[in-house]
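Here is what each chain is made of, one letter per residue.
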Amino acid sequence: MIIGIDTSLGTAVAAIARDGEVLADEHSANPLGHAEVIGDLLRRATEAVPAPTHVAIGMGPGPFTGLRVGIATARVYALGRGVPVIPVPSHDAVALGVLLADALTGVDTPRFAVVTDARRREFAYSVYDGIDDDGLPVRTTDATLSPRDEIDDRLADLGAVRMEATRVSAAMVALAAARALDAGRTLAGTEPLYLRSPDVVVAHAPKRVS
């Protein structure tokens, strides 16, 4: 049983069985207020899975504050339960959802880019080309920032269809983690995918008064 948590776009918490059955799927579309809602969403999701074996974390890309809330919550919850965490790029979860939906309808999925709003007049994008033998999206370009007025030209150069995402499914985060676990693969590192430095910086030491 795997709990999935993502706060890169809104706040999402889900619970799935190892075979991919979705047992709970909770989501708040508010791009802010992660800390205010994540506890309640997690409580509702864990009612379906009182004894999870793993916690999957969406690692972004996403805004600094939002990602920090989700990742910290997931790590603390996993520590309290004594279970391991599995980091997953949030764009991989979106791509997995696209590929599975197309497979169900018999659609051939072209090379595509998951595009998310990175604010400051920028987009974040990752390019995918099909699904591999482990049932995971084939990522051909890691998450990258682009100015808004350049994104279409960049994707055209990469031969990728633009697929803009406004939410990340925590169920797909958990499913990607389950498939990676079965295949003995690591999808992401332990550091969040911020793509740029946070606005807040450490203050300089006060000037010495003589």
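Here, the structure is the one placed above.
Rules used throughout
- Residues numbered from 1 in each chain as written.
- Predicted model: local features only at pLDDT ≥ 70, side-chain atom pairs only at ≥ 80, totals over all residues.
- Heavy atoms only, no water.
- Pairing = 2+ DSSP bridges.
- Helix = DSSP H or I, 4+ residues; strand = E, 2+ residues; numbered from the N terminus.
- Axes fitted to C-alpha atoms, helices over the stretch in contact; angles between N-to-C directions.
- Contact = heavy atoms within 4.5 Å.
- Core = buried A, V, L, I, M, F, W, Y, C linked by side-chain atoms within 4.5 Å.
- Buried < 20%, exposed > 50% of the residue type's maximum accessible area, 1.4 Å probe, protein only.
- Phe/Tyr/Trp six-rings, centres within 6.5 Å; stacked < 30°, edge-to-face > 60°.
- Lys NZ or Arg CZ within 6 Å of the ring centre and 35° of its normal.
- Salt bridge = Lys/Arg side-chain N within 4 Å of Asp/Glu carboxyl O.

Caption draft 1: The arrangement of the sheet that holds strand β4 (residues 54-58) in detail. In space, the 5 strands of this open sheet follow the order β3-β2-β1-β4-β5, with mixed pairing throughout. Both edges of this open sheet fall to β3 (22-28) and β5 (85-88), since each of them pairs with a single strand only. Strand-to-strand twist across the sheet, computed as the mean angle between neighbouring axes with direction ignored, equals 15°. Along the sheet, helix α2 (residues 64-81) contacts β1 (2-6), β4 and β5; its crossing angle with β4, the most-contacted strand, is approximately 170°. Helix α5 (residues 170-183) rests against β1, β2 (11-16), β3, β4 and β5 of the sheet, and its axis sits at about 50° to β2.

Caption draft 2: Quick look at the nonpolar core. Within the largest apolar cluster, 31 residues are counted, with the highest numbers of intra-cluster contacts made by I16, V88, F112 and V114. The element best represented in this core is α5, accounting for 10 residues. Listed in part, the 21 residues of the second largest apolar core include V13, A45, V55 and L67.

Caption draft 3: Main features of the packing of aromatic side chains. Inspection of every chain in the model, using the stated rule, returns 2 aromatic pairs. A centroid spacing of 4.8 Å and a plane angle of 45° characterise the contact between F64 and Y194, whose relative ring orientation is tilted. With F64 in helix α2 and Y194 in the segment after α5, this pair connects stretches of sequence that are 130 residues apart. Judged by its relative accessible area of 28%, F64 is partly exposed. Owing to a relative accessible area of 22%, Y194 belongs among the partly exposed residues under this scheme. Above the plane of the ring of F123 lies R148, whose end atom (NZ or CZ) is 5.1 Å from the centre. Seen from the ring of F123, R162 lies directly overhead, with NZ or CZ sitting 4.8 Å from the centre.

Caption draft 4: Main features of unusual backbone geometry. A cis geometry characterises the amide bond from G60 onward to P61, with omega recorded as 15°. Topologically, P61 is positioned in the loop between β4 and α2. Located in the positive-phi region is R121, a residue other than glycine, with phi close to 60°. Within the fold, R121 resides in the loop between β6 (112-119) and β7 (122-131). Overall, R121 belongs to the exposed group, its relative accessible area being 66%.

Caption draft 5: Summary view of the pattern of salt bridges. This model, assessed by the stated rule, comprises 14 salt bridges. The salt bridge involving R185 is made with D132; its shortest N-O contact spans 2.8 Å. Taken together, the positions of R185 in the segment after α5 and D132 in the loop between β7 and β8 (137-147) put the pair 53 residues apart, joining distant regions of the chain. The partner of R139 in a salt bridge is D142, and the shortest N-O contact between them spans 2.9 Å.

Caption draft 6: Broad picture of the sheet that holds β8. Pairing in this open sheet of 4 strands is mixed, and the strands run β8-β7-β6-β9 from one edge to the other. Each end of this open sheet is capped by a strand with a single partner; those strands are β8 and β9 (161-164). Taken over all neighbouring pairs, the strand axes of this sheet differ in orientation by 25° on average, direction set aside. Direction of pairing for β6 relative to β9: parallel, over a ladder of 4 bridges. Bridging from a neighbouring strand, V115 pairs with E164 of β9. Sheet contacts for helix α3 (residues 90-105): β6, β7, β8 and β9; angle to β7, the most-contacted strand, approximately 45°.

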